[in-house]
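# Remarks on the overall topology
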Number of protein chains: 6
Amino acid sequence: MSYKRSDNRKADQLREIKITRNYLHDPEGSVLIEMGNTKVICTASIDHKVPKFIRESGAKHGWLTAEYDMLPRSANKRILRDRYQGKIKGRSQEIQRLIGRSLRSVFDLTQIPDKQIILDCDVIQADGGTRTAAINGSFIALYDACSFMRERKWLKEFPINNFIGAISAGVVQDNVLLDLAYDEDLAAQVDMNIVMDENGKYIEVQGTSEKTPFTSEQLQKMLKYAEKGIKEIIEYQKEIILKGLTL
Amino acid sequence: MSYKRSDNRKADQLREIKITRNYLHDPEGSVLIEMGNTKVICTASIDHKVPKFIRESGAKHGWLTAEYDMLPRSANKRILRDRYQGKIKGRSQEIQRLIGRSLRSVFDLTQIPDKQIILDCDVIQADGGTRTAAINGSFIALYDACSFMRERKWLKEFPINNFIGAISAGVVQDNVLLDLAYDEDLAAQVDMNIVMDENGKYIEVQGTSEKTPFTSEQLQKMLKYAEKGIKEIIEYQKEIILKGLTL
Amino acid sequence: MSYKRSDNRKADQLREIKITRNYLHDPEGSVLIEMGNTKVICTASIDHKVPKFIRESGAKHGWLTAEYDMLPRSANKRILRDRYQGKIKGRSQEIQRLIGRSLRSVFDLTQIPDKQIILDCDVIQADGGTRTAAINGSFIALYDACSFMRERKWLKEFPINNFIGAISAGVVQDNVLLDLAYDEDLAAQVDMNIVMDENGKYIEVQGTSEKTPFTSEQLQKMLKYAEKGIKEIIEYQKEIILKGLTL
Amino acid sequence: MSYKRSDNRKADQLREIKITRNYLHDPEGSVLIEMGNTKVICTASIDHKVPKFIRESGAKHGWLTAEYDMLPRSANKRILRDRYQGKIKGRSQEIQRLIGRSLRSVFDLTQIPDKQIILDCDVIQADGGTRTAAINGSFIALYDACSFMRERKWLKEFPINNFIGAISAGVVQDNVLLDLAYDEDLAAQVDMNIVMDENGKYIEVQGTSEKTPFTSEQLQKMLKYAEKGIKEIIEYQKEIILKGLTL
Amino acid sequence: MSYKRSDNRKADQLREIKITRNYLHDPEGSVLIEMGNTKVICTASIDHKVPKFIRESGAKHGWLTAEYDMLPRSANKRILRDRYQGKIKGRSQEIQRLIGRSLRSVFDLTQIPDKQIILDCDVIQADGGTRTAAINGSFIALYDACSFMRERKWLKEFPINNFIGAISAGVVQDNVLLDLAYDEDLAAQVDMNIVMDENGKYIEVQGTSEKTPFTSEQLQKMLKYAEKGIKEIIEYQKEIILKGLTL
Amino acid sequence: MSYKRSDNRKADQLREIKITRNYLHDPEGSVLIEMGNTKVICTASIDHKVPKFIRESGAKHGWLTAEYDMLPRSANKRILRDRYQGKIKGRSQEIQRLIGRSLRSVFDLTQIPDKQIILDCDVIQADGGTRTAAINGSFIALYDACSFMRERKWLKEFPINNFIGAISAGVVQDNVLLDLAYDEDLAAQVDMNIVMDENGKYIEVQGTSEKTPFTSEQLQKMLKYAEKGIKEIIEYQKEIILKGLTL
């Protein structure tokens with residue numbers, strides 16, 4: 001029997017996605033991404049020097065990295081700021097490593113040999129799926145920062161060589177669902193995050209089961225739903241970028 | 001000769017102020033305050049226990065405190081997150097102490113004997129005057145959190161006993177100006193922040209001159225402009241609150 | 001054309017695995033696990049109080065957590081100790097969260113309502129696959145700590161309800177390989193870690209591609225190889241445990 | 001009705017001030033300043049390199065900064081050392097920023113293009129007014145460090161271009177008082193710190209009211225008292241410096 | 001041939017020692033100790049609760065601990081404050097552990113079952129021998145804090161059961177010397193610190209040779225000199241204490 | 001009456017000592033040292049740059065330093081990892097400073113003008129005497145790292161100019177004992193650590209009495225026992241090294 005979602009979505013249906021470009025004055029790229037009630041500000045900043053570990057390695061390319069944080073009251077229960085504990089939450093570290101890896105997988109670092117791009121993802125309101133929203137929003141912010149560099153003739157070639165999209169899937173009461181909202185995430189036996197490129201290839205597959213191990217069938221179904229969802233997200237991203245070009 | 005401001009304001013004219021109430025789902029009080037291009041999210045969170053230093057002191061009242069931070073790209077040059085340095089920037093500490101002191105000065109802590117209210121002020125976009133915007137925005141968020149408590153019968157009496165407003169003034173090229181934008185702040189010989197209550201009494205007077213000491217006349221004129229500006233801010237706050245009541 | 005592994009293993013062949021039980025005097029459970037040249041000391045410690053976040057949540061169960069670290073010269077290039085930077089490496093955090101989650105998935109926390117078990121995984125020598133070796137070794141250390149508790153009548157029922165095994169797989173020069181050694185890991189386009197239980201259900205699936213996105217076929221083949229490898233590991237674990245019982 | 005001070009001072013009377021020059025062997029400038037029972041050791045150290053943020057900014061001038069701390073038992077209740085908390089108390093940060101700003105306002109940094117002067121203010125005994133004592137003492141220590149540099153021909157021109165003095169004022173039981181001792185500070189409705197130069201111009205005006213907002217009349221009277229007090233302090237500083245010259 | 005000391009002392013001669021009691025207002029015991037040009041403020045503070053590790057151990061006694069620090073310009077080269085590095089210098093840790101151990105060896109902790117005494121040793125001026133000066137000064141501060149407790153009837157018996165004294169010895173150009181000043185310490189092949197009680201028994205013997213190993217004869221001579229020096233120090237301490245009693 | 005040791009050793013008898021050379025793949029020198037049940041992994045790593053404080057001092061020599069840590073369950077009671085407290089335990093700091101000083105005393109730093117050798121001592125199992133075991137084991141690891149450098153012609157002369165050995169002695173129930181095991185250490189009135197070279201000269205003498213001061217006779221007997229024990233250790237080290245040469 002099928003599961004009734006609180007917002008009446010079908011099992012494989014995305015929440016409404018909305019990206020506001022140029023959300024802030026100063027950054028080279030900045031968006032507000034909303035996926036349902038989840039809201040994340042993603043900015044892309046160009047730093048005119050590469051980090052020390054790259055410099056010292058002798059590599060001839062630049063770098064791209066991400067930072068992720070949540071405003072204290074983006075969540076229902078107030079979150080203590082990391083600065084008071086002198087360390088970054090383990091969860092934030094995992095997420096920002098994921099965002100950085102995902103975007104580097106479609107980015108040609110040799111195009112920015114003396115630069116670093118920093119993607120800042122700050123969650124304003126959290127309702128599930130903040131990490132995948134951050135990847136989707138960062139992609140557009142990164143695109144805009146690349147356009148900024150292209151206009152200034154800082155690039156030989158545009159460094160982004162593929163679209164990427166990210167979405168969550170999960171199993172709730174034995175039903176496989178796409179794009180879990182916070183209440184669903186809380187109830188999920190399994191939580192999976194998938195990042196894919198435009199050609200349907202995988203960049204990240206992360207499935208985690210703390211409560212109940214999951215079957216091969218459930219895994220396959222989550223992968224299928226995710227593929228469908230990511231296709232829709234990449235279509236929306238293309239639309240957004242085209243609109244920007246016509247302005 | 002009078003100074004030409006980049007946005008054509010008169011010397012004693014405020015920037016446009018706009019407060020969006022209930023900006024976020026979860027907090028007991030939350031606003032987005034905009035003063036010109038400066039944008040700050042202010043939330044008020046109710047914590048059902050008092051901090052340790054109050055408990056241990058044997059005091060019979062609760063507490064009210066504030067935290068202040070800036071998103072990395074709220075400013076033109078990317079700001080390093082505090083968590084990477086394991087300490088809070090000195091400037092942030094000063095500002096959040098100022099916000100907390102200011103709001104405590106009109107708040108009856110004995111009304112919340114077993115609670116703490118935390119005001120989080122996160123700057124989304126910085127164009128001068130972020131600390132005074134944070135005080136003005138926090139006042140409304142605090143008001144809404146108090147209404148939240150009143151509705152639940154957690155209060156004997158409403159704990160806010162006066163309105164407060166805050167504004168900056170400064171001296172640029174020997175001209176006294178009200179409500180400095182970022183470019184004016186950068187050029188200012190003197191930078192002053194004033195917090196007053198509805199009766200025109202002072203809560204904070206902080207004037208700082210790194211470049212050129214200022215005269216008694218300049219001090220008096222800044223005080224006068226600030227009084228005028230704060231009156232207008234308090235009028236706007238009253239309007240905002242009344243609107244809320246009619247809903 | 002098939003890939004020639006430096007140690008002549010077949011693509012889906014595990015390295016030799018060896019677990020030395022009761023490796024140390026003091027811990028309630030302790031093993032040295034060797035998978036090829038990778039060597040990890042895993043200990044299980046019983047702490048007679050639950051962590052604060054459980055106590056405060058009102059939950060009626062205990063806790064199980066893991067810590068992971070590497071000796072400075074377990075690797076070819078000396079690793080700076082975390083204590084000099086005042087923070088845990090992001091990679092260590094991810095790994096210890098993975099170990100903890102994996103073992104909790106087959107552990108009944110309600111059997112130890114007033115206790116916490118801490119699994120310490122310290123890598124003595126690293127040659128690829130340290131995180132999966134840590135999971136496999138911790139399982140036996142945990143088993144022994146549970147026997148320790150059972151002998152003292154601290155348990156109503158034995159809290160481990162399933163076997164688990166963990167292994168890596170990857171893609172090197174377009175060949176899918178099982179149980180990557182360090183040189184293979186370095187050359188891998190994709191790196192995947194899989195944790196499964198005795199019934200062939202998934203506990204964790206983590207596939208990461210920084211260099212080249214991977215196809216659906218590669219994903220399926222890695223899953224298949226991992227299933228085979230984990231079955232063999234679980235067989236070895238059973239053997240090890242039976243031997244202990246006959247002593 | 002006028003307020004009876006515990007040491008019988010008049011409302012606008014300073015405590016006795018005493019500065020011992022060359023208090024320590026090693027520093028280029030060092031004083032013990034006593035204002036009543038408040039005792040602060042102030043030293044000026046010459047560092048032959050400018051801080052990184054100046055170097056990187058491309059500026060052609062040196063720097064002057066201050067550090068402030070209290071010995072654990074300078075106060076009635078023992079103060080925990082900052083080093084045990086891995087952070088500087090917010091109050092200390094505010095104070096040392098104030099001391100640095102104040103002294104920079106009368107110091108020509110271009111005279112020391114490749115140097116930094118560090119003013120260390122360590123409170124030995126605290127009885128109110130430690131921050132203003134620190135400013136007054138640092139001024140003499142800085143003067144002596146400048147003489148030290150002048151003797152070695154390291155300066156084109158003497159970099160101090162004005163005297164500065166600092167004092168507190170406050171309102172206790174509705175009486176405006178100058179130079180508050182600790183018991184008065186504790187009872188004060190308002191606490192104000194003022195820094196002025198020899199010409200009667202303001203460098204800092206910081207008035208804070210946590211308990212009761214203050215009136216315009218009170219503000220004006222505190223400013224008047226402070227002006228009188230600072231004049232006396234600057235006279236004493238001149239005397240001290242002249243005595244040094246006659247030795 | 002015998003070594004000529006810069007201050008003409010004989011090889012086994014102490015520098016002048018001077019202890020100023022009740023040096024500060026607030027602490028229960030406080031002295032300024034001067035041994036030659038070395039100056040240390042030692043205070044003894046009574047804390048009305050025992051530290052956590054004693055409480056949790058179930059022990060029925062109180063505790064006594066020490067902290068040691070140097071003012072930034074107590075030395076010729078300015079010392080960075082620990083608080084900026086978020087850790088205590090290794091040297092300070094060793095010294096404060098030595099001070100605490102030494103004083104605990106003559107102190108009956110069962111006399112203060114619910115208290116902790118904290119000895120703060122802050123070096124104002126360093127000219128060699130700061131750790132032994134700190135022990136000698138702390139002894140008097142501790143004595144005064146015990147008198148403070150005895151007057152208030154907080155003690156059954158006076159908890160100090162023996163005098164202790166501490167002194168350094170060393171080998172400079174193959175000459176054994178007592179009580180090294182800073183220039184001698186710098187030139188020393190061996191540096192030794194000895195703590196003894198009134199009966200000539202050893203509490204601590206710490207001899208360190210980084211440059212040249214030392215012979216058995218040198219060791220024996222250093223022990224002999226130290227015994228003589230400590231006797232003189234204990235005589236002076238007795239004198240000091242008697243003087244206090246006659247007041 | 002003489003004391004009966006739990007393992008039937010004579011008062012001046014060492015526990016069995018065993019050193020396994022080349023214990024790990026990667027380090028330039030690595031041993032597992034066992035002294036009774038105490039087990040320490042000691043590695044020597046060659047770093048091709050000198051630390052900053054040497055570089056900045058203008059010195060023409062390299063450096064040698066040590067780090068010491070214990071695995072969490074090397075001891076009976078689990079030890080919290082330093083990384084969670086953001087500081088190194090005071091005890092570890094003292095020990096690693098002792099190890100570094102001891103080995104530098106027989107090492108010619110001018111032979112490695114552009115290098116640093118780091119000795120990592122990680123205790124796997126602790127049963128008393130871990131610091132002296134670490135010195136003895138590090139000596140062999142250091143020897144092997146020097147051979148590694150000699151083979152590559154990085155040295156003009158072999159930089160180790162003497163053997164060193166280290167051992168503990170103590171007083172238990174008024175009996176002087178050599179090489180204390182953990183249970184003896186716990187019961188000891190005095191705990192002493194001695195480091196000597198091959199010629200019977202002292203490098204370190206550290207005797208500490210927290211409970212009962214010790215007599216001159218006890219001190220002399222501990223020194224005598226230690227001399228005997230260290231001779232035996234150095235003989236064993238020579239044997240070990242010779243064996244290596246014949247391989």
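What comes next concerns the included structure. Here the structure is a predicted model, which is why all the values come from computation and not from measurement. (Residues numbered from 1 in each chain as written. Chains lettered and ligands numbered in written order. Predicted model: local features only at pLDDT ≥ 70, side-chain atom pairs only at ≥ 80, totals over all residues. Heavy atoms only, no water.)

Time to look at the overall build of chain A. In terms of regular secondary structure, chain A is built from five helices and nine strands. Taken over the C-alpha trace, chain A has a radius of gyration of 18 Å; the compact-globule value for 247 residues is 18 Å, and the two agree within 12%. Each of the three principal axes of chain A carries a C-alpha extent, and together these read 60 × 45 × 35 Å. Put simply, chain A has 247 residues, and 62% of those count as buried. Contacts in chain A between residues at least 24 apart in sequence constitute 68% of all its contacts with a sequence separation of at least 6. For chain A, the exposed surface amounts to about 10,200 Å²; the carbon and sulfur share of it is 49%. Computed over 37 positive and 35 negative side-chain charges, the separation of the two mean positions in chain A equals 3 Å. (Helix = DSSP H or I, 4+ residues; strand = E, 2+ residues; numbered from the N terminus. Rg over C-alpha atoms; globule rule 2.2 N^0.38 Å. Buried < 20%, exposed > 50% of the residue type's maximum accessible area, 1.4 Å probe, protein only. Contact = heavy atoms within 4.5 Å. Areas by Shrake-Rupley, 256 points an atom, 1.4 Å probe, with all protein chains shown as cover. Lys, Arg positive; Asp, Glu negative; His and termini not counted. Charge placed at Lys NZ, Arg CZ, Asp CG, Glu CD.)

All names here are of chain F. Across the sheet, five strands lie side by side as E1-E2-E3-E5-E4; this open sheet has mixed pairing. Each edge of the open sheet is held by one strand with a lone partner, namely strand E1 (17-21) and strand E4 (63-70). Going from strand to strand, the sheet's axes swing by 20° on average, the running direction of each strand aside. Examined bridge by bridge, E1 and strand E2 (residues 29-35) share five bridges and lie antiparallel to one another. When the sheet's bridge partners are listed, Ile19 is paired in E2 with Ile33. Docked against the sheet, helix H2 (residues 90-104) engages E4 and strand E5 (116-125), running at close to 145° with respect to E4. (Pairing = 2+ DSSP bridges. Axes fitted to C-alpha atoms, helices over the stretch in contact; angles between N-to-C directions.)

Across the gap from chain A to chain F, with no contact made, the nearest C-alpha atoms are 9 Å apart. Nowhere do chain D and chain F come into contact; their C-alpha atoms are at least 9 Å apart.

Once that is clear, we can look at the pattern of salt bridges. For the structure shown, the criterion picks out 143 salt bridges over all chains. Among the salt bridges present, the one from Glu232(E) reaches Lys228(E), with a minimum N-O distance of 2.8 Å. Here Glu232(E) pairs with Lys228(E), and both are found in helix H5 (residues 216-246), just four residues apart, close to one helical turn. Overall, the relative accessible area of 32% leaves Glu232(E) in the partly exposed class. Connected via shared salt-bridge partners are Glu67(C), Asp69(C), Asp82(C), Lys89(C), Asp120(C), Asp122(C), Arg78(F), Arg81(F) and Arg83(F). (Salt bridge = Lys/Arg side-chain N within 4 Å of Asp/Glu carboxyl O.)

Another aspect to go through is the interface of chain A and chain B. Contact with chain A, which involves 35 residues of that partner, is made by 35 residues of chain B. Between chain A and chain B, a total of about 3,000 Å² is buried, with carbon and sulfur atoms accounting for 46% of that surface. A per-residue breakdown of the area chain A buries against chain B is headed by Asp26(A), Arg73(A) and Arg83(A), which together make up 26% of the total. The tally of links between chain A and chain B comes to 16 salt bridges. The salt bridge involving Asp120(A) is made with Arg81(B); its shortest N-O contact spans 2.7 Å. Counting across the chain A and chain B interface gives 28 residue pairs in polar contact (both at pLDDT 80 or more). Every element with two or more residues in the side of chain A that touches chain B is listed here: strand E3 (38-47), strand E4 (63-70), helix H2 (90-104) and strand E5 (116-125) of chain A. Here the side of chain A that touches chain B takes six residues from E5(A), the largest share from any one element. Here the side of chain A that touches chain B is composed, by residue class, of 14 nonpolar, ten polar and eleven charged. (Buried area = accessible area lost by both parts, 1.4 Å probe. Polar contact = N/O pair within 3.5 Å; in protein donor to acceptor, adjacent residues only side chain to side chain. Nonpolar A, V, L, I, M, F, W, Y, C, P; charged D, E, K, R; others polar.)

Before going further, it helps to spend a moment on the pairing of E3(A). Residue and element names in this part refer to chain A. Taken across its ten residues, E3 has eight buried, putting it largely inside the fold. Note that E3 and E5 share nine bridges and pair antiparallel. Across the sheet, the residue bridging to Thr43 is Asp120, located in E5.

This brings us to a positive patch on the surface. There is a patch of like positive charges on the surface, built from Lys49(A), Arg55(A), Lys77(B), Lys49(D), Lys52(D), Arg55(D) and Lys77(E). Residue classification places Lys77(B) among the exposed residues on the basis of a relative accessible area of 69%. (Patch = residues over 30% accessible without salt bridge, like charges linked within 9 Å, V, L, I, M, F, W, Y side chains within 5 Å.)

In this fold, Thr208(D) is placed in strand E9 (residues 202-208). Within the structure, the side chain of Thr208(D) is placed 3.0 Å from the side chain of Glu204(B), a separation counted as a polar contact. The contact partners of Thr208(D), leaving out residues within four places of it in the chain, are Arg101(B), Ile203(B), Glu204(B), Gln206(B), Gln189(D), Val190(D) and Asp191(D).

Now for the relation of the copies chain C and chain F. The transform that puts chain C on chain F rotates by 180° and translates by 0.0 Å along the axis, for an RMSD of 0.0 Å. Taken together, the rotation and translation describe the operation of a two-fold axis. Comparing contact sets, 100% of the residues at the interface of chain C also lie at the interface in chain F, consistent with an isologous, same-surface contact. (Least-squares fit on C-alpha atoms with pLDDT ≥ 70 in both.)

Further remarks concern the relation of the copies chain A and chain B. By a simple turn and slide, chain A fits onto chain B: the slide is 0.0 Å along the axis, the RMSD is 0.0 Å, and the turn is 180°. Interface residue correspondence from chain A to chain B reaches 100%, placing this contact among same-surface, isologous pairings.

Residue and element names in this part refer to chain E. Relative to the helices and strands, Gly128 resides in the loop between strand E5 (116-125) and helix H3 (130-151). Residues Gly128 and Glu184 lie 56 residues apart in sequence; the distance between their C-alpha atoms is 8.2 Å. Look past the residues within four positions of Gly128 in its chain and what remains in contact with it is Arg15, Thr38, Leu180, Ala181 and Tyr182.

Moving on to the environment of Glu56(A). Residues and elements named next belong to chain A. Here Glu56 lies in helix H1 (residues 52-57). With relative accessibility at 56%, the residue Glu56 sits in the exposed group. Sequence-wise, Glu56 and Ala188 are 132 residues apart; in three dimensions their C-alpha atoms are separated by 44 Å.

Further remarks concern the sheet that holds strand E3 (residues 38-47) of chain B. Residue and element names in this part refer to chain B. Spatially, the five strands line up as an open sheet ordered E1-E2-E3-E5-E4, and their pairing is mixed. Strands with a single pairing partner mark the edges of an open sheet, and in this sheet they are strand E1 (17-21) and strand E4 (63-70). Going from strand to strand, the sheet's axes swing by 20° on average, the running direction of each strand aside. Two strands pair when backbone bridges link them, and strand E2 (residues 29-35) and E3 are joined in this way by seven bridges, in the antiparallel orientation. For Val31, the partnering residue across the bridge sits in E3 and is Cys42. Along the sheet face, helix H2 (residues 90-104) touches E4 and strand E5 (116-125) and points at about 145° away from the line of E4. Packing against the sheet, helix H3 (residues 130-151) makes contact with E1, E2, E3, E4 and E5, and its axis sits at approximately 35° to E3.

This part covers H2(A). The end-to-end C-alpha distance of H2(A), which contains 15 residues, comes to 21 Å, matching closely the 21 Å that a straight helix rising 1.5 Å per residue would cover. Extensive coverage of H2(A) is indicated by the burial of 13 of its 15 residues. (Expected span 1.5 Å × (residues − 1).)

Contact residues are listed per partner, giving 35 residues for chain C and 35 residues for chain F. Across the chain C/chain F interface, buried area totals approximately 3,000 Å², and carbon plus sulfur atoms make up 46% of it. Counting across the interface, chain C meets chain F through 17 salt bridges. In this structure, Arg73(F) and Glu28(C) form a salt bridge, with 2.9 Å as the shortest nitrogen-oxygen distance. Summed over the shared surface of chain C and chain F, the number is 28 residue pairs in polar contact (both at pLDDT 80 or more). Elements represented by at least two residues in the side of chain C that touches chain F include exactly strand E3 (38-47), strand E4 (63-70), helix H2 (90-104) and strand E5 (116-125) of chain C. Of the residues forming the side of chain C that touches chain F, the biggest block, six residues, is contributed by E5(C).

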